[in-house]
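Topology and contacts: notes
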Amino acid sequence: MANTGDSDAQSAGYLTSTGTDWIRIQRSTFTNWCNEHLRKKGRTITDLASDLKDGVVLILLVEELSKKSPPRYNMNPKIKPQMLENSIAALKFISNQGIKLVNIGNEDIYNGQEKLILGLIWALIQHFQIKARKTGAHGKLPGTGGGGSSAKDAMKQWLVEVLPNKNVRNFTRDWNDGRLLLSLVDALQPGAVSESPPEDPLERCRYAIDLAEQHLQVPRLLQAEDLCNPAVDELSVMTYLSYFVSIGDVEDTGDVDQLLNWVHGRLPSCNLTNFDSDWHSGIALVGLVDSLAPGAYPDWRDLNPAAGEENFQLGIDLARQHLDVDLELAAEELVASGVGNDLGFMPLIAELQTAGTEVEEARECFAFGDGLIDAIVGQKASFTVQHQALVAHISVEIVTADGTPVAGQVAEGQSSQELIIEYTPLAEGPCRIRVMCNARNIPNSPFTVPVLPEPDANSCRVYGAGLGTVVVNTIQEFKVDAHKAGPGQLKVLLQDVKCTTPAVQSIANEDGRYKVTYTPLEVGKLEVLVLWADKLIDDSIGSVLVVDPSKVMLDGEGLRTGCVGQQTVFTADARLAGPGELQVTFGQGQIRSACSVTPSREDNSILVVEYQPVQPGKVSFDVKWSGLSLTPGHYSVPIVKAGYTGAVSLDTDKITLGEVVNLTAKLQGGGKRSSNAKLTAKARGLKTGATPVQVKVSGNDQFHIEMKPKEADEYFIDVFFDNVPVAGSPLRAVFANPCHPELVVAKGPSDGIVARRLEFLVDTSKAGGGDLEVNVTGPAHGDLFVTIEEGDTPTQHRLFYTPDAEGQHSLDISWSGTPVPGSPFKLNIIQEVIDASKVVVHYEAEQLDKLLLGEAFVMAFDTSEAGYDEFSAMAVAEATTQSHDISVMGQDEDVYTLTFDPPMPGNYSLYVFYGESQVPNSPFSLRVITGASEVEVESIRFGDVGDPVLIALRLAEVSKKEHLSITAQSTEDLEPETVTDVSLQDDGSLLAQYMPTISGQHHFEVLWRAFQIADGSFDVEITPSRQPQGAAIRGRISGPSNSPQRASRRRSGVANLIKNTFAEAAVGEQVSASIQAPGTALESVKGQITDPDGAITPAEVLTNSMGTFTIFTQPSQTGKHEMEITIADRPVAGSPFFFHAAAAAQGQNPPRQNQKAQSSSRHGRPASSSALGDPSQCSITHVPKDVMVGVGCRFVVNARNAGPGDLNVTVANGPLRQTDISVSLLRERVYSVQLAPWVPGEVQISVNWAGRPIPGSPVAINFLDCTPDASKCHANVESPMQVATNRWQRVLVNTEGAGRGTLTAVLKSKSFEAPLLIERQARFLYRCACLTQSPGTYSLIIRWAGEHIPGSPFTVNSIHKCYPEKVKVIHLKTANVGKPYIMAVDTSEAGVGVLAAKATDPSGANIEINLKKAKDAQRKVMAEFVPKTAGKYQISVKWSRVQVPGSPFAVQVI
């Protein structure tokens, strides 16, 4: 498996490419090539397959190429035979030029056989374009004059000679990034390529093609997009490169000098001046190999110069062993006389140079990751490969223990120099992974990775009491036996009915056998998921019933007394006990029986218990809920023997409310009864409680019982005689309101849109008593969820449902089981097209470019033409890549507003999504400023004790002066004092006055929005007594001053002296002083030196990217010197500085810095003290900004135009050892500086040439901790997160500071598991897209480098749609003019939707309402507006375009 590599094509190589891109690219290139020549004939073509059909164009093309007269042909053919004759003439014309034609005839040209025609054009290109090319110094392309070498080999050899420092392996992928093409242009036209070409490969290709056309007149045969395409074919590239062959005069001496300079860098102790006689001993060859492969032969200097052949053989063997290079010449050929540059040594050394570059690049390549530590059979493993090479060919070979290759995938990592390798091993045992860079093993390659058996989650056994029915708030336990499940980690996930996650208190492990304890917190179903190696254990899928038996409430006469032979009843209320089943047993003596338990008609959680005693005495009861005893769970009831038997009956159990119920009770004789015995009755309703009844005697032992309830309910009637229940007691009777379904009126739409909620109104005011039943059936998922809410009156009902698919929907409405008029209602539902590109965006463009910190950025979006979907937005700070949530609120049905309050100044990218796509122009670039640059200190008048210090300031907007603050602090003050006397002057400026009370130095700070302004930090010396005031200093102070007033000059408040070399000053030595002044331009920093004689000379000033300025001078005489440093003509703090120059030490060679450098390059030419180079002509390029620790990096120092000198590279600051720096020579006076840090932190590298800093020095690089730290990741997820079913939801994850790793995301439920689609939005920003397919609770698991990010797993509640009826609004009915009116809107139970609010004043005008999220809750919003006039206001509140309950709200403003 390899991500790059050669593509060795045959002479008809166009047939060996794959895919379709190569055909398109080759067609375009060959067409452009033909047109370059046909233009001279006044013709052009657009389609090779059709435009060559008549043979005319082909003949004209060959005529122009060969410069020979063509055979006779028909110049205006009309019919097929004429065209075929022309094609025959063209093919014969081509054959006469010595071009061999294979498998193509005139019919093929006429029929437009594209591949055969492309082959024909390639034959013409080879013959006339490539083989005919010459070079200025090398004659024909090597090999093109005979000897059997192909055009491809000849061109490659020419490129090796022109680009001896480049590794040209092929004519495809090597050229994709544009670097080789830039090198070729630079070699043929020195100076044409800038020092900092584009970093993007596509832009670099475009830049190179433009330069070739501009400077070398190379026609634009290839487009940049095609050259950058990995599918580009080598024939197209060779055709394009052939135009470079005859350009200019490429002098051999340039190649010789360049290669010789490289040799000098490798062998500095050898005085090698040529590639002929200096190499005959073979010692230099062995030494060169040892320098490329350190340790290959360290004693090479001790070799015998006379043993040339043995030395050459040793060098050849070492090159093969350590560099994997087979040198073509034998030892005896090399030692033979007459071998010179062209025949032997120079190509041999160039080959070693290429090999050495490959070896160094391979050493700088690193591989790391879990996939190199271990892997699991059948599971994807991955690791990362990082390299530093400009053009790297990374190949990866993975084989199992038995030699079976394992396929893998390659993906680009966080940069173009990082690859992520993924593979899936299929067998156990050691797996060998070989990683090669440019066909050479990288460090530690090959890797041996143990492949472990695949974890078998189904081999786990989950059991224990904690998985059955458990009691709430008690510690529960279950066990997991995983000792046969293979490698893995046990995970237990719990989720109760409120979507909370009870904590797993402990997981104890004993040899793969685990004991898990937890405490349930809510009654109801508790979902338990047990995973092994992130796979669900099958027998763990299910729910635990959490109950609270103490909440079961028992009541009724059956718990107080009973009668032999008669049914006795009591009730059990289990509404708060959780799901379960009631078990009741009763017994007298040793006999126990089960009671009859049936649910009531009104509520299944209210149960009726019946039993029939068989003998008098005590009856005991045992009551359990889901097998768990109640508290108390044992009851004892006295049973008596009835003296009279009787019966009570009811004709029907359903009575219309308002009717009188008559029950007949008849007693029969038997036994004695007391003289005061009588018949009594009690009635109780499930909801209404006790209800009065009347008992009347209708005859001897016959009675009538009458009751007339006032409310509809289910009633139980207990009848007693002599306090003993009679047979048939208690009776059940249901009282219902009168029912008239035919009088129900239902109204609603006949059509709708998918995902748009529909509303029906049902009026039952004339229908009497009954129950409303509604059912909606759709074409996709059967029955749909319907919400019913009360309207303006209890007899008005509002029905809501949201269609989930297009097609016909059926709405069935019934009243007490009878369809209402018009039911079923048919609705035609269509699918709305969502088009984010039609969202109209409104914003103030000026705010994007210049938003003041503390002000909110507001955008408005009109979605009236874009369809209905949801908004989401996020802002990403450019400096920190930290993400910030943005509030998006609906203002009307189609209008939304986005509000963003930037937390800090800087540049932001605002990503705005409508549905799954970004709105037009997203991401928006926002620049947030402090506004401090709009404040300027114009002048300062110093004061004395009792005389004020005056500070004049100029503001761009005086109206915002409240953002200005000025403080003053003396050396004796513990806290700064605020300057409050700030007044507006006639000229529009501000004047601040501060009255000092003590003498001494006072420090002043001028801040704007808590940020320091330019020159806003300065010191003032206050004298103890009043002194004559000097003139106020206005504008810029110019020129040096030697007057006594120097100390009163205004100092620069932004510069500080950070280091100097004054103590080492000596005649002829360089003396320097460095100041820190970020944001200051180089031209505004000046330095001047005054020597002991009073002569003034300017000093040299250099800077780097970190805002550090270094001022240099070289004293020419001994004595006291003065150095003054100014910024914008104002002295820095402490200036002027003084130093004493001593006499130069005997024998000392200035400059001293070169001798003190701890690490210097050995590859520069030595500089004499009398002819030092010019460091300002040096440049530093390819400096990385942030680099992972352990990866290493490099930058390039170019000193080609700097004159003689040495390169010195030292650690100026930071956690880097001097031994971690290495310097190598790329070409003459062009160096590569390699850094290999192992500790994170910012490092500053000092780079000097000829003892003086180079522009850009010190180089600052921030090395980041590469250890993955998932805790540093952040996701914009509110857990629990509510999403809409079958609607894509986006989650943004920021991995800034989280080290090196891979982001994975999975959405799980007990019956569903799917990975999330992850897209990279920016360097550290990822977007995950998830889709829930059914309502329910899901777990969103997001990991970085295999570890959960903060908050993961997140709870995701998938709601079928939105529920506006569940929005709760808290508001006041009165308000005051001019004072904010606030109402709270709670959407926590309303599902997924968008909130919109609108207010109208008494005149009907719209009033803007500001919506903000409440600080104390995630799903609460505060709606606020300020009424300006008295009267009645209407406030409309909608959730996803539907009015919420109570909306519109009336507010009386007084």
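Everything here concerns the structure above.
Residues numbered from 1 in each chain as written. Predicted model: local features only at pLDDT ≥ 70, side-chain atom pairs only at ≥ 80, totals over all residues. Heavy atoms only, no water.

Right, let's get into the overall build of the protein chain. Scanning the protein chain for helices and strands turns up 18 helices and 106 strands. Counting every position in the protein chain, which comprises 1454 residues, the buried fraction comes to 48%. Counting only contacts in the protein chain whose residues sit at least 6 apart along the sequence, the fraction spanning at least 24 positions is 65%. (Helix = DSSP H or I, 4+ residues; strand = E, 2+ residues; numbered from the N terminus. Buried < 20%, exposed > 50% of the residue type's maximum accessible area, 1.4 Å probe, protein only. Contact = heavy atoms within 4.5 Å.)

Here we take up the nonpolar core. Grouped together as the largest cluster of nonpolar side chains are 72 residues, with contacts concentrated most on Trp-33, Ile-121, Leu-124, Trp-175, Tyr-240, Leu-241 and Phe-244. If you tally residues by element for this core, the top one is helix 6 (residues 114-130), at 10 residues. When sequence neighbours within four positions are dropped, the list of residues in contact with Trp-33 reads Leu-61, Leu-65, Ile-121, Leu-124, Ile-125, Gln-129, Leu-221, Thr-239 and Tyr-243. (Core = buried A, V, L, I, M, F, W, Y, C linked by side-chain atoms within 4.5 Å.)

Strands sit in the order 40-42-46-45 across an open sheet of four strands; the sheet is antiparallel. Edge positions in the open sheet fall to strand 40 (745-747) and strand 45 (787-790), since each of these has one partner strand only. Looking at each pair of strands side by side, their axes are set apart by 20° on average, direction ignored. With four bridges joining them, strand 45 and strand 46 (residues 796-801) adopt antiparallel strand pairing. Opposite Glu-789, over in strand 46, you have Arg-798 as the bridge partner. (Pairing = 2+ DSSP bridges. Axes fitted to C-alpha atoms, helices over the stretch in contact; angles between N-to-C directions.)

Read across the open sheet, the four strands follow the order 97-99-103-102; overall the sheet is antiparallel. Across the chains shown, the open sheet's two edge strands, defined by having one partner strand only, are strand 97 (1368-1370) and strand 102 (1410-1413). Sheet twist, expressed as the mean angle between neighbouring strand axes with direction ignored, is 25°. Direction of pairing for strand 97 relative to strand 99 (residues 1381-1386): antiparallel, over a ladder of three bridges. Bridge pairing in strand 99 places Lys-1368 opposite Asp-1386.

It is worth spelling out the packing of aromatic side chains at this point. The full count for this structure, using the stated rule, is 18 aromatic pairs. When the centroid spacing of 5.5 Å and the interplanar angle of 85° are considered together, the rings of Tyr-994 and Phe-1004 count as edge-to-face. In this pair, Tyr-994 is assigned in strand 65 (residues 990-994) and Phe-1004 in strand 66 (residues 1000-1008), connecting sequence segments 10 residues apart. Both residues of the pair, Tyr-994 and Phe-1004, count as buried. Following the ring pairs from residue to residue traces out a cluster consisting of Phe-570, Phe-586, Tyr-611 and Phe-621. The ring of Tyr-110 carries the charged tip of Lys-53 above its face, separated from the ring centre by 4.7 Å. Residue placement shows Arg-461 over the ring face of Tyr-463; its charged tip is 4.0 Å from the ring centre. (Phe/Tyr/Trp six-rings, centres within 6.5 Å; stacked < 30°, edge-to-face > 60°. Lys NZ or Arg CZ within 6 Å of the ring centre and 35° of its normal.)

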